[in-house]
Amino acid sequence: MTVLLDKTFPRSVDTILETIAVRKAKALELWLFDDKAGRLALESKLAAMGITARVHSSYKPLVYACLEDLKTEGLKSVAITYPVHEAAPEHRFLLEAYPLAELLKPAAVSFTPSAKGKDLNYRLELCWQDGRTESRKVFAPNKLHKDCIGEAALSPTGWVRWADGSEDQFDTDYEQLFAAAMQTIVAHDWGHEEPYFEELNITVLHPSEDEFLSMEPVDAMISLREALHEDFYFSLLEVFQQKSGRPVGDRGLMPGQIVPEILKGTRDGSLSVTMELRPLTVDETAVEDSEPVETLSTPFTAPRIRRELATITGEPFTALSRAGRLVEARYHKGSERPVMISGGQHANEVTGAAGAMRSGLELARRPNAHFTISPLENPDGYELGWRLRKDNPHHMHHAARYTAFGCDLEYRPAESPFETAIRFEAERLSGAKLHVNLHGYPSHEWSRPFTGYVPRGFEMWTLPKGFFLILRHHESWKKEAHSLIEQITERLAVNRKLVDYNAREIALYTEHAGKPEWPVINGFPVMISVDDRHRVPITLITEYPDESIYGDDFIQGHTAQMNTALAAYDIWQTMDLPE
């Protein structure tokens, strides 16, 4: 192993005491990246020293201000004017207020944009049922800076307001750790050949607790450690994209497997980061998962998927991952029209693999079914997901999204396919004209606090919006594509529980992201587009909010995935198709 960085950072809660002592301050307002317990502890410590202080959260300041400072009993309405900063996306601060529209119920919550400018204050007009009213202002501390690829970004930061009216921005321990790690990566000599490494591991110890919110879905939460993972992962991809001369967001980049492991540290300990290069392994998580597939309440293990796949009769075919894991699939030949079904392309999207496996098992019971099934296309990413969930089971873990090459397998070239060879072979064996590709996306808010808050290139997926369907088709298959999505959503709409779930998620999404640009068909958000990049004429992509759900929520997710694949298969048999 090669160690690139091993560094500890003094806590901001300690360094601010030195500044207070120098200024001989007796009162102040402070904003830090820390959980509620840490901020309250600092307030108590300062109070014991005779200093009056209010310690706020730099991350999602409006949400925390409402949760911690607002008496909601009898609250009738909250009218919020959110800042629109000239250096940020228009809805940036509306997104950062998520999920107040749900948390403050039954009070009516409304959002109005301010005039565009440089103001960083939310303004609240509060009304209680007894007629009381109050106006409040909530500051959102941000700094304008250049991010790791030189792009301008407006990002949350540390701030202090002194009793004499002066105020200062400062970089917190949280920000310093991220900046030091990114600077180390930028300065290192990676050579010129991709991939640059096998595993780039970033292990961080941070004391903050995940803070769960009293709303559906059950994993709705705020996590500084998860946000750090997400910004590390995507910022590192962007750095290597820039180094390689590729455009930002290029999914064909192959840097190697990037693994941020953001672990829970001790309350009194320093923040630390260790960055090192490690070899890939073929280790596999051993977990007892003997529940029936229909009621499995946690993600399938890779061994369980292999066992279930082995029960499907037909022609086995395989591919090999970068680490040396086998990608396994089946071609079950029948007299009906063939359909390709796949899951696990993005391996942290766990209902996709489970739903694909279940749909294959169900179709295999039918006498004339004709399909290919590859339920786990990215086994290296899938095993990484298991490894990361051991410490942080409720995080979305996008580091497990891509292959151990660091690329999206769909974008690998035919001359060196590795995992993608499973797709080429499925197409060759079956001749299918429909590919059902089961995916997922975050079931709670996704943010990047060091690079402008909103995930660059994935702005549409920052908030959950229900079970989303994407249909891509060749230009000459437009009529068939529209007919297919209409019929699939009509069949899925029989499940009123799922439709109601979608309606709640879409309503909350609309409150915090504005009016959506995508249509809703039969209760399901959809996006239909012409895409001749795919070799198969029609590709149906499902997106279930699933990256951190368990129990009944997970069962509902993989059942919806299976039912979508089966509906697509059945409807495909009845359609008039081009020759």
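See the structure above.
Below: a short report on this structure. (Residues numbered from 1 in each chain as written. Predicted model: local features only at pLDDT ≥ 70, side-chain atom pairs only at ≥ 80, totals over all residues. Heavy atoms only, no water.)

Our focus in this paragraph is the overall build of the protein. The helix and strand tally for the protein stands at 14 helices and 25 strands. For 579 residues, the compact-globule estimate of 2.2 N^0.38 gives 25 Å, and the protein sits close to it at 25 Å. For the protein, with 579 residues in total, the buried portion stands at 60%. About 22800 Å² of surface is accessible on the protein, with carbon and sulfur atoms providing 51% of the total. Averaged over its 62 positive side-chain charges, the protein has a centre that lies 2 Å from the centre of its 86 negative ones. (Helix = DSSP H or I, 4+ residues; strand = E, 2+ residues; numbered from the N terminus. Rg over C-alpha atoms; globule rule 2.2 N^0.38 Å. Buried < 20%, exposed > 50% of the residue type's maximum accessible area, 1.4 Å probe, protein only. Areas by Shrake-Rupley, 256 points an atom, 1.4 Å probe, with all protein chains shown as cover. Lys, Arg positive; Asp, Glu negative; His and termini not counted. Charge placed at Lys NZ, Arg CZ, Asp CG, Glu CD.)

Here we take up the environment of Gly457. Secondary-structure assignment places Gly457 in the loop between strand 21 (434–441) and strand 22 (468–473). Using a relative accessible area of 59% as the deciding quantity, one classes Gly457 as exposed. The sequence separation of Gly457 and Asp250 amounts to 207 residues, and the corresponding C-alpha distance is 10.0 Å.

This part takes up the pairing of strand 2 (residues 27–32). Taken together, the six bridges between strand 2 and strand 3 (residues 52–57) define a ladder with parallel strand orientation. Within strand 3, the position partnered with Ala27 by the bridge is Thr52. With helix 2 (residues 36–48) bridging strand 2 and its parallel neighbour strand 3, the resulting β-α-β unit is right-handed. Relative to strand 10 (residues 158–162), strand 2 runs antiparallel, the two sharing four bridges. Bridging across to strand 10, Leu28 finds its partner in Trp162. (Pairing = 2+ DSSP bridges. Right-handed = clockwise from strand over helix to strand, strands pointing away.)

Right, let's get into the packing of helix 6 (residues 173–187) against helix 7 (residues 224–244). Between two packed helices, what matters for the description is the angle formed by their axes and the separation of those axes. Running from N to C, helix 6 and helix 7 point in directions that differ by 25°, and their axes come no closer than 11 Å. Compared by their axis directions, helix 6 and helix 7 come out roughly parallel. The crossing of helix 6 and helix 7 is right-handed. Between helix 6 and helix 7, the contacting residues are Tyr174, Leu177, Phe178, Ala181, Met182, Ile185 and Val186 on the first element and Leu224, Ala227, Leu228, Asp231, Phe232, Ser235, Leu236, Val239 and Phe240 on the second. (Axes fitted to C-alpha atoms, helices over the stretch in contact; angles between N-to-C directions. Parallel < 35°, antiparallel > 145°, perpendicular 65-115°, else oblique. Left-handed = near helix turned anticlockwise from the far one by under 90°. Contact = heavy atoms within 4.5 Å.)

Another aspect to go through is the sheet that holds strand 23 (residues 520–521). Judged by pairing direction, the sheet is mixed, and its nine strands sit side by side in the order 17-18-20-19-21-25-22-24-23 without closing on themselves. Every other strand in the sheet has two partners, leaving strand 17 (315–320) and strand 23 as the edge strands with one partner each. In this sheet, strand 25 (residues 538–545) lies alongside strand 21 in parallel orientation, the contact comprising eight bridges. Of the residues in strand 25, the one forming a bridge with Tyr441 is Pro545.

Our focus in this paragraph is the pattern of salt bridges. Per the counting criterion, the structure on display carries 45 salt bridges. Here Asp164 and Arg23 are joined by a salt bridge, their closest N and O atoms 3.1 Å apart. Here Arg23 lies in helix 1 (residues 12–23) and Asp164 lies in the loop between strand 10 and strand 11 (167–170), a separation of 141 residues in the sequence. With a shortest N-O distance of 3.9 Å, Arg278 and Glu199 are connected by a salt bridge. Within this pair, whereas Arg278 is found in strand 16 (residues 271–278), its partner Glu199 is found in strand 12 (residues 199–206), the two being separated by 79 residues in sequence. On the basis of relative accessible area, Arg278 is assigned to the partly exposed category, the value being 23%. Three or more residues are tied together by salt bridges with common partners; here these are Arg39, Glu43, Arg54, Glu68 and Asp69. (Salt bridge = Lys/Arg side-chain N within 4 Å of Asp/Glu carboxyl O.)

Membership of the largest hydrophobic core comes to 98 residues, with the highest contact counts inside it found for Tyr122, Leu200 and Phe232. For this core, the element with the most residues is helix 7, which contributes 10 residues. Residues within four places of Tyr122 in sequence aside, it is in contact with Leu62, Ile80, Thr81, Tyr82, Pro83, Phe93, Glu96, Ala97, Arg136, Lys137, Val138 and Ala140. Counting residues in each nonpolar core, the second largest holds 57 residues, with Ala354, Leu484, Leu492 and Leu566 among its members. (Core = buried A, V, L, I, M, F, W, Y, C linked by side-chain atoms within 4.5 Å.)

This next bit is on the side chain of His444. Along the chain, His444 turns up in the loop between strand 21 and strand 22. A residue is classified by how much of its surface remains accessible, and His444, at 2% relative accessible area, is buried. Here Glu226 takes part through its side chain, which lies 2.9 Å from a polar atom of the side chain of His444. (Polar contact = N/O pair within 3.5 Å; in protein donor to acceptor, adjacent residues only side chain to side chain.)

With respect to burial, strand 9 (residues 152–156) is a largely interior element, four of its five residues being buried. The pairing of strand 8 (residues 142–146) with strand 9 spans five bridges and is classified as antiparallel. If you follow Lys146 over to strand 9, its bridge partner there is Ala152. Taking the residues between adjacent antiparallel strands as the criterion, strand 8 and strand 9 are bridged by five residues, where Gly150 takes a positive phi near 85°.

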